[in-house]
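# Structural description and commentary
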Amino acid sequence: MNQGIRDRITNEKELLERLVRDADARRSLLRAIGKPAPLAVWTDFDQHCLDITEVNLNQLPKWEDIGEFLKLHLLFQVALEFGGYSFTVRVRPDLEAKWDAEGKDPMDRIKRATRKALEEQGLKSLEYAFVLEAHTRRGGSRTPLHLHGFFITDDPLDSSRFTVAMEKAIAAHTMGRAAAGIKPKSGRAVKSEPSYDKIDGSPHGRGRWASYIAKNATRWRAGLNRRIYISQPATQAAREFWALIREDPIA
């Protein structure tokens, strides 16, 4: 990994942790006077909060200067505030073999198939992001391609539609598991559950799922030029969230 990218990720991780601590502090303060609005806890809207927060506006980079790591985490915080689902999708082995034989970029194929399938399910405007994973948890060995990601919705029906779309796009073969090269006793091709965070005082920080799915995003593998994908609606949501935190006009 390029040292500059490594340093930026480290800096963005530290900034995010400070922002989350600030949001938690504001949330605690507001709970004393009523239920806090989700977005209110992310802004220095009141002088009483200035004494308990760490980050000043002049410490926040412009949207154009932040990387995909922070954008992914910002979007996940939106999912935690307004409702979201985290998912894992197995890419059919026969598709991976086909793309490899044809010299196709798997990320490009997956993005195209996913967009089409989601649109067919009425989810064209879904805010979602994923990382294409090709290594084990510790990054030491290659694994069959699979996706880790999340999308923003509080409607369980959207989760069902998402599952159907991803099965059709890249995860399930119309002729069954054998035709897809999947072992008979393998688990579900698409797994989805409501997004959540764990607050336990550990050094792992908040937004643990976002950190987990990005763990190997910069690891090189032949044929994979990019690993992180954030849909256009999701990019806009993250951009507006960042503008709110920075107190910028929302375009």
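Refer to the structure presented above.
Read on for a plain summary of the structure. Computed from a predicted model, the values in this text were never measured in an experiment.

Scanning the entire structure with this criterion turns up 10 aromatic pairs. Here the aromatic rings of Tyr-128 and Tyr-229 are separated by 5.9 Å at their centres, their planes lie at 55°, and the arrangement is tilted. In this pair, Tyr-128 sits in strand S2 (residues 127–135) while Tyr-229 sits in strand S5 (residues 228–230), placing the two residues 101 residues apart along the sequence. Each member of the pair, Tyr-128 together with Tyr-229, is buried. Ring centres of Trp-209 and Tyr-212 lie 5.6 Å apart, and the angle between their planes is 25°; on these two criteria the pair is classed as stacked.

Taking 1.5 Å per residue as the helical rise, helix H5 (residues 106–120) with its 15 residues ought to reach 21 Å, and the 21 Å between its terminal C-alpha atoms agrees with that figure. Regarding H5, the residues found buried are Pro-106, Met-107, Ile-110, Thr-114, Ala-117 and Leu-118. The arc enclosing the buried residues of H5, seen along the axis, measures out at 105°, which places them on a common side. N-capping of H5 is provided by Asp-105, with a side-chain oxygen placed 3.1 Å from the backbone N of Met-107.

For the rest of this paragraph, the subject is the environment of Arg-246. With respect to the helices, strands and loops of the structure, Arg-246 is situated in helix H9 (residues 232–246). For the pair Arg-246 and Asn-56, spaced 190 residues apart in sequence, the C-alpha to C-alpha distance is 9.1 Å. Ignoring any residue separated from it by four or fewer positions in sequence, one finds Arg-246 in contact with Leu-57, Leu-60, Pro-61 and Lys-62. A polar contact of 3.4 Å, which involves the side chain of Arg-246, links it to the backbone oxygen of Pro-61. A distance of 2.6 Å separates a polar atom in the side chain of Arg-246 from a polar atom in the side chain of Asp-248.

Looking at the secondary structure, you find Glu-81 in helix H3 (residues 68–82). Engagement of the side chain of Glu-81 in a polar contact is seen with the side chain of Trp-42, the distance being 2.9 Å. Those residues in contact with Glu-81 that lie beyond four places of it in its chain are Arg-27, Pro-38, Val-41 and Trp-42.

Calculation rules
Residues numbered from 1 in each chain as written. Predicted model: local features only at pLDDT ≥ 70, side-chain atom pairs only at ≥ 80, totals over all residues. Heavy atoms only, no water. Phe/Tyr/Trp six-rings, centres within 6.5 Å; stacked < 30°, edge-to-face > 60°. Helix = DSSP H or I, 4+ residues; strand = E, 2+ residues; numbered from the N terminus. Buried < 20%, exposed > 50% of the residue type's maximum accessible area, 1.4 Å probe, protein only. Expected span 1.5 Å × (residues − 1). Arc of directions from axis to C-beta. Polar contact = N/O pair within 3.5 Å; in protein donor to acceptor, adjacent residues only side chain to side chain. Contact = heavy atoms within 4.5 Å.

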